[in-house]
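Overview (structure and organization)
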Amino acid sequence: MKPLCLIPWTSIDISPRGTIAPCCKFQNKNYDSLNINKNTISQYASSDYLNTIKQEMLNGEWPEGCIRCRIEEESNIKSKRILDYERWPEEFDNYTPEMGFIIASIAFGNTCNLKCITCHGSASSRWRKEYKELYGIDVPHNEFIPETCDDIFNALPNAIHFDIPGGEPFLSEVDKQLDLLKRYIDSGQSKNMSLHYTTNAQIYPEDKWWALWENFKEIDMQLSIDGIYDRYEYIRYPGKFEILEKNIQKYISKEQKLDNFRLSVSHTVSAYNIYYLDEFFNWCNEMGLPKPWCGRVHNPSHMRPCVYKKEIREEIADYLNKSAIKDVNAWANYMLKNDSSEYYKTFLTMKDKHDNYRNTSFATIFPEMEKLIND
């Protein structure tokens, strides 16, 4: 029987905190999950945790942890499940369990230079002080890869794709990352592999990265951008929009020169920027960037796009439906179908607390949203 989703067989995700899951969208809250700090990849592969998820998929059921993909598909938004099938149709159709994991997302720790407003201490080391003071939770800096990457390499000899998110990938355990790339180059597998980096683009990679990347089938550099101008600097605090624009031009120049290098854009849709999707899509087009991939905030729950009261969600949906861009219209549908307003008061409270802590102003940077809140 064909499973509802093949990702639990083909893929593995290691989060910035070391938690192991089938993919980056999987919600581990109600599971007895494994962690790379305590468990090997082979232990994960044979675990009751993973086998239970696989059996639910074989039964055609959505596992509880797959709620993000389910909600997106119900809102006519392409989920990771769909996008992965579309990207690797031949590899998925010809996959056999003997091949093991062929796709991995490995964060290499939570070292980061930014503390984006929709992020948290688990994914960014820079959040630690603010997260402890405002939420009362201390999340230590974490780098979990041992002296070598043997466990990763041995568990994925047939790898065709790696996602390297963050933290910030060009700050997190750089020497171990480079060593792993060299292992795949030496084995000859690199010519069959694509690498996908998610970077905040405040750091431009040094020459040593480019020298190794030329041995791989494809390098997909995904620029994670959640707004433009002052909205970028508010959400991607304390990033500088001027640095972002300069690095974008460097990346575009590389893309024009290298056959195996391409750019992509990710946009995390939240309570802060949902109203400005049309603006962002048009800016990407003007900059010569590809159409952004949009994913929604799930946690922190009080920053979800649909956290607003019904009348505000309807106003936002009406505005998004005025866009000539179909992808933007799809988010109007999401706003009408989903409701996280039980966290609305928390959003208002924490919005003000973060503004006071950072000396920023939501009302100044997002005047349209401020008006909707106050009307």
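Everything here concerns the structure above.
Okay, so let's go over this structure.

**A closer look at the overall build of the chain**
The secondary structure content of the chain amounts to 18 helices and nine strands. Relative to a compact globule of 375 residues, whose C-alpha radius of gyration would be 21 Å, the chain shows 20 Å and is just as compact. Per-residue burial for the chain yields a buried fraction of 56% across its 375 residues. At a minimum sequence separation of 6, the contacts of the chain that also span at least 24 residues come to 73%. As displayed, the chain offers around 16800 Å² of accessible surface, 46% of which is attributable to carbon and sulfur atoms. Distance between charge centroids for the chain: 3 Å, based on 45 positive and 55 negative side chains.

**Topic: the sheet that holds strand 5 (residues 161-164)**
Sheet architecture is open: nine strands sit in the order 3-2-1-4-5-6-7-8-9, paired in mixed fashion. Looking along the sheet, the strands with just one partner apiece sit at the ends: strand 3 (34-35) and strand 9 (293-296).

**Focus on the nonpolar core**
Judged by nonpolar contacts, the single largest core of 72 residues is most densely connected at Leu156, Phe162, Tyr197, Trp213, Met221, Trp283 and Leu289. Once residues lying within four places of it in the same chain are set aside, the contact partners of Phe162 are Ala104, Ile152, Leu156, Leu180, Tyr184, Met193, Ser194, Leu195 and His196. In this structure, Ile316, Leu320, Phe347 and Ile365 belong to the second largest nonpolar core, which totals 38 residues.

**A word on the packing of helix 14 (residues 310-321) against helix 15 (residues 326-337)**
The relative placement of two packed helices is expressed as an angle between their axes plus a distance between the axes. The geometry of helix 14 relative to helix 15 is characterised by a closest axis approach of 8 Å and an angle of 165 degrees between their N-to-C directions. Judged by the inter-axis angle, helix 14 sits roughly antiparallel to helix 15. Crossing handedness for the pair helix 14 and helix 15: left-handed. Within the contact between the two elements, helix 14 uses Arg313, Glu314, Ile316, Ala317, Leu320 and Asn321 and helix 15 uses Val328, Asn329, Trp331, Ala332, Met335 and Leu336. Looking at the contact of helix 14 with helix 15, its residues break down into eight nonpolar, two polar and two charged.

**Brief notes about helix 13 (residues 277-287)**
Along helix 13, the residues that are buried comprise Leu277, Phe280, Phe281, Trp283, Cys284 and Met287. Down the axis of helix 13, the sector holding all buried residues measures 160 degrees, keeping them to one side. For helix 13, the exposed residues set more than 90 degrees away from the buried face come down to Asn285 and Glu286. Two residues or fewer past helix 13, Gly288 is found with a positive phi of approximately 80 degrees.

**A closer look at the pattern of salt bridges**
Enumeration over the complete set of coordinates arrives at 21 salt bridges. Residue Arg128 is joined to Asp138 by a salt bridge in which the shortest nitrogen-to-oxygen separation is 2.7 Å. Of this pair, Arg128 sits in helix 7 (residues 128-135) while Asp138 sits in the loop between helix 7 and helix 8 (150-155); the two residues are 10 residues apart in sequence, bridging distant segments of the chain. The partner of Arg236 in a salt bridge is Asp226, with the nearest N and O atoms 3.1 Å apart. Of this pair, Arg236 sits in the loop between helix 11 (230-235) and helix 12 (241-257) while Asp226 sits in the loop between strand 7 (218-224) and helix 11; the two residues are 10 residues apart in sequence, bridging distant segments of the chain. Residues Arg236 and Asp226 agree in their burial class; the two are buried. Each of Arg87, Glu218, Asp220 and Arg262 takes part in one network of salt bridges that share partners.

**Observations concerning the pairing of strand 7**
Of all the seven residues making up strand 7, six are buried; the element is thus mostly covered by neighbouring parts of the structure. Where strand 6 (residues 194-199) meets strand 7, six bridges bridge the pair, whose relative direction is parallel. In the strand pairing of strand 7, Tyr197 is matched with Met221. Handedness of the β-α-β unit built from strand 6, helix 10 (residues 207-213) and strand 7 comes out right-handed.

**So, unusual backbone geometry**
In this structure, the amide linkage connecting Tyr237 to the following residue, Pro238, adopts the cis form with an omega of -5 degrees. Summarising the element assignment, Pro238 is placed in the loop between helix 11 and helix 12. Each neighbour pair has its own omega, and for Asn299 with Pro300 the value is 5 degrees, a cis peptide bond. For Glu173, which is not glycine, the phi dihedral falls at a positive 40 degrees. Inspection of the secondary structure puts Glu173 in the loop between strand 5 and helix 9 (174-187).

Thresholds applied
Residues numbered from 1 in each chain as written. Predicted model: local features only at pLDDT ≥ 70, side-chain atom pairs only at ≥ 80, totals over all residues. Heavy atoms only, no water. Helix = DSSP H or I, 4+ residues; strand = E, 2+ residues; numbered from the N terminus. Rg over C-alpha atoms; globule rule 2.2 N^0.38 Å. Buried < 20%, exposed > 50% of the residue type's maximum accessible area, 1.4 Å probe, protein only. Contact = heavy atoms within 4.5 Å. Areas by Shrake-Rupley, 256 points an atom, 1.4 Å probe, with all protein chains shown as cover. Lys, Arg positive; Asp, Glu negative; His and termini not counted. Charge placed at Lys NZ, Arg CZ, Asp CG, Glu CD. Pairing = 2+ DSSP bridges. Core = buried A, V, L, I, M, F, W, Y, C linked by side-chain atoms within 4.5 Å. Axes fitted to C-alpha atoms, helices over the stretch in contact; angles between N-to-C directions. Parallel < 35°, antiparallel > 145°, perpendicular 65-115°, else oblique. Left-handed = near helix turned anticlockwise from the far one by under 90°. Nonpolar A, V, L, I, M, F, W, Y, C, P; charged D, E, K, R; others polar. Arc of directions from axis to C-beta. Salt bridge = Lys/Arg side-chain N within 4 Å of Asp/Glu carboxyl O. Right-handed = clockwise from strand over helix to strand, strands pointing away.

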